[in-house]
Structure formats: C-alpha cells, structure tokens
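A look at the structure
These are the residues of each chain, in order.
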Amino acid sequence: QAQLVESGGGLVQAGDSLRLSCAASGRTFSSYTMGWFRQAPGKEREFLAAINLSGTATYYEDSVKGRFTISRDNAKNKVYLQMNSLKPEDTAIYYCAQDLRLVGSRWTISNLGSWGQGTQVTVSS
C-alpha cells in the first residue's frame, strides 16, 4: 500500500499561482500513472490531470487545460501540480492519486490505487 502526502495548498487571491506537491512512498513510484483530483463542497470528486510513468505524456480535464501543469520527478518520488490563473471556482480539496487507469474516456483510480489525504486550496475573489 502506498502512502501519498500532499502539500502546498493554501489561501490565495484570484489570478495567483500555487504549486502542489505529492510525496509518495511504499510502492515503486515510477511504475504507476499518477494524477490529481479535486473535490469542492457538495460536489463529486473530479479528475484534473494525469501523467504517465516516464512523464512524457500528460492529460487534462478541459476546465484546467492551459492553466494547470502536471509533472513528476521519479528520482524524488514526487508528482506536482502547477496551478496558474487561479479562479474562485478552483476552491476545493486537492488529492493526489496513484495508479490511474483510462476507462473509456474517463480517468479513474484502479482498485489497488491509493489516495493522499488532500490539501485545501481556497481562492478568494
């Protein structure tokens, strides 16, 4: 079982940037597709971004494409989410996820995948 620990969340103003980090341990990091999801109050958890094992391919949900960038450092067992031009509607708890699969057109976590505990991002207008 992997352990994922997110960091980097906080309170920012609209238009600001944040960089989230996720440190992974317990499994061979470079063997898994990694990703980020978020959950706003009263809403379902939604996919944001995924990155393949080597970091050479990335995938984004339309609402964050062009503003958010996912990256990974396999030597440090970390995945990142750079968030630019933040909007109040980006306010949510952001979760790191390990072992994502593409099922049809939907990214989902595998049955053996792992979630982090989440980090709060709040964007004020």
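Attention in this report is confined to the structure presented alongside it. (Residues numbered from 1 in each chain as written. Predicted model: local features only at pLDDT ≥ 70, side-chain atom pairs only at ≥ 80, totals over all residues. Heavy atoms only, no water.)

1. Regarding the nonpolar core
Judged by nonpolar contacts, the single largest core of 26 residues is most densely connected at W36, V79, L81, M83 and Y94. Going through the elements one at a time, β3 (18-25), β4 (34-39), β5 (46-51), β7 (68-73), β8 (78-83), β9 (92-103) and β11 (119-124) are the ones with two or more residues in this core. Among the elements that take part in this core, β3 stands out by supplying four residues, more than any other. Contacts of M83, omitting those with residues within four sequence positions, involve D16, S17, L18, L20, R67, F68, Y94 and V121. In this structure, F37, A50, W107 and I109 belong to the second largest nonpolar core, which totals seven residues. (Core = buried A, V, L, I, M, F, W, Y, C linked by side-chain atoms within 4.5 Å. Buried < 20%, exposed > 50% of the residue type's maximum accessible area, 1.4 Å probe, protein only. Helix = DSSP H or I, 4+ residues; strand = E, 2+ residues; numbered from the N terminus. Contact = heavy atoms within 4.5 Å.)

2. Some points on the pairing of β11
Burial of the side chains of β11 is restricted to one face: T119, V121 and V123 are buried, whereas none of Q120, T122 and S124 on the reverse face is. Pairing of strand β2 (residues 10-13) with β11, which is carried by four bridges, proceeds in the parallel orientation. For G10, the partnering residue across the bridge sits in β11 and is V121. (Pairing = 2+ DSSP bridges.)

3. A word on the layout of surface pockets
The calculated volume of the largest pocket comes to roughly 250 Å³. In terms of lining, the largest pocket is formed by 14 residues, of which the most central are F37, E46, F47, R106 and W107. Contributing elements (two or more residues each) for the lining of the largest pocket: β5, β6 (58-60) and β10 (106-115). For the lining of the largest pocket, the element with the highest residue contribution is β10, accounting for five residues. Of the residues belonging to the lining of the largest pocket, the class tally is seven nonpolar, two polar and five charged. (1 Å grid on protein atoms, 1.4 Å probe; cavity = no way out; pocket = protein on both sides within 12 Å on 5 of 7 lines; lining within 4 Å. Points joined across faces, edges and corners; volume = space filled by probe spheres on them. Nonpolar A, V, L, I, M, F, W, Y, C, P; charged D, E, K, R; others polar.)

4. Regarding the packing of aromatic side chains
Two aromatic rings, taken as a pair, are described by how far apart their centres are and by the angle between their planes. For the coordinates displayed, the defined rule picks out five aromatic pairs. For the pair F37 and W115, a centre-to-centre distance of 4.9 Å together with 75° between the ring planes defines the contact as edge-to-face. Here F37, found in strand β4, pairs with W115, found in strand β10; they are 78 residues apart in sequence, far enough to count as distant. Sitting above the plane of the Y95 ring, R45 keeps its charged end 3.7 Å from the centroid. Here the basic side chain of R45 rests over the ring of W115, its NZ or CZ set 4.4 Å away from the ring centre. (Phe/Tyr/Trp six-rings, centres within 6.5 Å; stacked < 30°, edge-to-face > 60°. Lys NZ or Arg CZ within 6 Å of the ring centre and 35° of its normal.)

5. So, the environment of K87
Tracing the backbone shows K87 in the loop between β8 and β9. As for K87 and V123, which are separated by 36 residues in sequence, their C-alpha atoms are 6.1 Å apart. Residues within four places of K87 in sequence aside, it is in contact with R67 and V123.

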